[in-house]
Amino acid sequence: MNNMGLKSKDLISAADLTKVEVEDILREADLMLDRLKKGRPADLLKGKILATLFFEPSTRTRLSFESAMHRLGGSVIGFSGTEGTSVQKGEKLQDTVRNIENYAHCIVMRNSFEGSARLVAETVKIPVINGGDGANQHPSQALLDLFTIKKEKGRLAKLRVALCGDLRYGRTVHSLMYLLPMFGIELALVSPKSLRMPEYIIDDVRERFGVSPAFHDSLDDVISWADVLYVTRIQRERFTDPNEYEKVAGSYFVDKKLLERAKKDMVILHPLPRVDEIKPEVDSTPYAKYFGQTFYGVMIRMAILNLMMGGKR
Amino acid sequence: MEDELKVTKIDRGTVLDHLPAGSAMSILGMFGLDKNLVVAAMNVDSSKYGKKDMIKIEGRLLSREETDKISLIAPSATINIIKSKKVADKRRVSPPEEVRGVLTCPNKKCVTNVEECVTRFLKSGGKYKCCFCESQFAVKEFSL
């Protein structure tokens, strides 16, 4: 991230970012939004190539990065899924990326193995963006969530955010845990006991920011408290007993009835895809901001790409 | 019995003592000792620990960084550095700040378990954090 004078050339984990770096990314995203609104030609990364390596399926993250790169005047190469690639022939990840660094100026990668983005960043010389590594981190999603909160609420300070759902395996909430307390945002963690936030993240956040998030096992506990409700999907495959899944998943959904007790200006965010944790009836309420997140996501990714590849400002 | 263990004195090298019984082979595996004369005694009677292992390594003076790795398996180990058949330095081990290459990440989904790379763990409180998958583990969670 050479334009910002940052230590790291890569975006691997929200835990690596300083507040100054995050503020710089948010400011850059605002500039991108401004450019877009004014209809100014965006040729900031003309001649640059982004490689999108999605070893796992992705709809939003991949298309969002590709859209961002195209809007900046750059080009995109890459794959989604490993069919037809050398990976299917047994090629090791490090060999794959050593080749790809000769084709592109930056890599965005999603891979099911945790730590894979860090390994790739240590293997190649070009900047690497983690587009999700297993259940570990998804820093660009957390940055776009933060940007959405800022735009929707007009500030970040003194907000109360409830993170709900699968906090154990949800990579976006793992990343958010490092970004939200940076700005003094108060946290509540709502999940079934079996899907609680990993203890090492709680310990790390307590040590870094001196905060101890409150734990809850019901949305009822936080609905009137929260300024932002961040809902994540509880994945069926995390449960060995289907009955247990039905029981748990059914108690973490948002509907109009629940929202009767919410603050009038509360906003609901979701990294998507949602299944049935937010009922479709909520989509038309003023609380629903999750589709707007995807728009802000493009601005954040334009900002990240421009900063990392040293484009003009 | 402890004092009666008859092993030829070494001229120059390292003696690792007070190792937990049965740990000697794991500890030997931490160091590249294929060219050194090594004597390992296992299940030796010990007045303090009941049973213990000990290792004598001829011709290799292990550094503090190296012997601190032993603390993960043998926190009560004592290290004697021998020069000219005399104890030149006697020290205990302490948990290292960073461990490279010795430990396998217990997280089966960690990329270090499927790609060829040197594992790296940083001490974080009383635990060790994998520099790749970011998970933290107590020492007892590692297969040593």
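What this report covers is the structure whose coordinates are included nearby. On a predicted model such as this, the values are computed, not experimentally measured, just so you know.

So, on to the overall build of chain A. Secondary structure summary: chain A contains 10 helices and nine strands in total. In summary, chain A has a C-alpha radius of gyration of 19 Å against a globular reference of 20 Å for 313 residues, a match within 12%. Based on the C-alpha atoms only, the size of chain A along its principal axes is roughly 55 × 45 × 40 Å. Buried positions account for 58% of the 313 residues belonging to chain A.

All names here are of chain B. As paired elements, strand β1 (residues 13-20) and strand β3 (residues 50-58) share six bridges and run antiparallel to each other. Residue pairing across strands places glycine 13 opposite glutamate 58, the latter belonging to β3. Sheet topology places strand β2 (residues 37-46) next to β3; eight bridges connect them, and they run antiparallel. Each bridged residue has a counterpart across the sheet, and for valine 39 the counterpart in β3 is lysine 56. Between the antiparallel neighbours β2 and β3 lie three residues.

A few words now on the layout of surface pockets. By volume, the largest pocket is sized at about 1,100 Å³. Counting only elements with at least two residues in the lining of the largest pocket, the list comes to α2 (60-71), α6 (171-179) and α7 (199-209) of chain A together with β9 (136-137) of chain B. Tallying contributions element by element places α6(A) first for the lining of the largest pocket, with three residues. A breakdown of the residues in the lining of the largest pocket according to their chemical character gives 10 nonpolar, 17 polar and 14 charged. Along its surface, the second largest pocket is lined by Ser13(A), Ala15(A), Asp16(A), Arg118(A), Glu122(A), Arg208(A), Arg120(B), Leu122(B), Lys129(B), Cys130(B), Cys131(B) and Glu134(B).

Looking now at the interface of chain B and chain A. Contacts between chain B and chain A engage 17 residues on the former and 17 residues on the latter. Roughly 1,600 Å² is buried in total at the junction of chain B and chain A, and carbon and sulfur atoms are behind 43% of that figure. Interface area lost by chain B to chain A is led by Lys109(B), Glu115(B) and Glu134(B), which between them contribute 37%. For the interface between chain B and chain A, the tally reads three salt bridges. Between Glu134(B) and Arg118(A) there is a salt bridge whose closest N-O contact spans 3.4 Å. For the pair chain B and chain A, the number of links is 13 residue pairs in polar contact (both at pLDDT 80 or more). Taken together, the residues that form the side of chain B that touches chain A break down as seven nonpolar, three polar and seven charged.

Residues and elements named next belong to chain B. Bridging between strand β6 (residues 98-100) and strand β7 (residues 120-124) involves three bridges; their strand directions are antiparallel. Opposite glutamate 98, over in β7, you have leucine 122 as the bridge partner. Where β7 meets strand β8 (residues 127-130), four bridges bridge the pair, whose relative direction is antiparallel. Paired with phenylalanine 121 across the bridge in β8 is cysteine 130. Hairpin connection, β7 to β8: the antiparallel pair is bridged by two residues, and glycine 125 has positive phi, about 65°.

The next thing to look at is the side chain of Glu115(B). Turning to its location among the elements, Glu115(B) is positioned in the loop between β6 and β7. Despite being buried, Glu115(B) has no salt bridge partner; Lys92(A) is the closest side chain of opposite charge, sitting 4.9 Å away. Ignoring any residue separated from it by four or fewer positions in sequence, one finds Glu115(B) in contact with Lys92(A), Leu93(A), Gln94(A) and Leu119(A).

Turning next to the side chain of Gln293(A). Residues and elements named next belong to chain A. Looking at the secondary structure, you find glutamine 293 in helix α10 (residues 290-308). Separated by 2.9 Å, the side chain of glutamine 293 and the backbone nitrogen of histidine 270 make a polar contact. The contacts of glutamine 293, once residues within four sequence positions are left out, are Gln141, Leu144, Asp145, Thr148, Tyr230, Leu269, His270 and Pro271.

Residues and elements named next belong to chain A. Read from one edge of the open sheet, four strands run β2-β1-β3-β4, paired in parallel fashion. Looking along the sheet, the strands with just one partner apiece sit at the ends: β2 (75-80) and β4 (128-133). Neighbour-to-neighbour, the strand axes of the sheet open up by a mean angle of 10°, direction not taken into account. Of the pairings in the sheet, the one linking strand β1 (residues 49-54) to strand β3 (residues 106-111) comprises five bridges and is parallel in character. Of the residues in β3, the one forming a bridge with alanine 51 is isoleucine 107. Taken strand by strand, helix α3 (residues 93-100) contacts β1, β2 and β3, and its axis lies near 155° from that of β3.

Rules behind the numbers
Residues numbered from 1 in each chain as written. Chains lettered and ligands numbered in written order. Predicted model: local features only at pLDDT ≥ 70, side-chain atom pairs only at ≥ 80, totals over all residues. Heavy atoms only, no water. Helix = DSSP H or I, 4+ residues; strand = E, 2+ residues; numbered from the N terminus. Rg over C-alpha atoms; globule rule 2.2 N^0.38 Å. Buried < 20%, exposed > 50% of the residue type's maximum accessible area, 1.4 Å probe, protein only. Pairing = 2+ DSSP bridges. 1 Å grid on protein atoms, 1.4 Å probe; cavity = no way out; pocket = protein on both sides within 12 Å on 5 of 7 lines; lining within 4 Å. Points joined across faces, edges and corners; volume = space filled by probe spheres on them. Nonpolar A, V, L, I, M, F, W, Y, C, P; charged D, E, K, R; others polar. Contact = heavy atoms within 4.5 Å. Buried area = accessible area lost by both parts, 1.4 Å probe. Salt bridge = Lys/Arg side-chain N within 4 Å of Asp/Glu carboxyl O. Polar contact = N/O pair within 3.5 Å; in protein donor to acceptor, adjacent residues only side chain to side chain. Lys, Arg positive; Asp, Glu negative; His and termini not counted. Axes fitted to C-alpha atoms, helices over the stretch in contact; angles between N-to-C directions.

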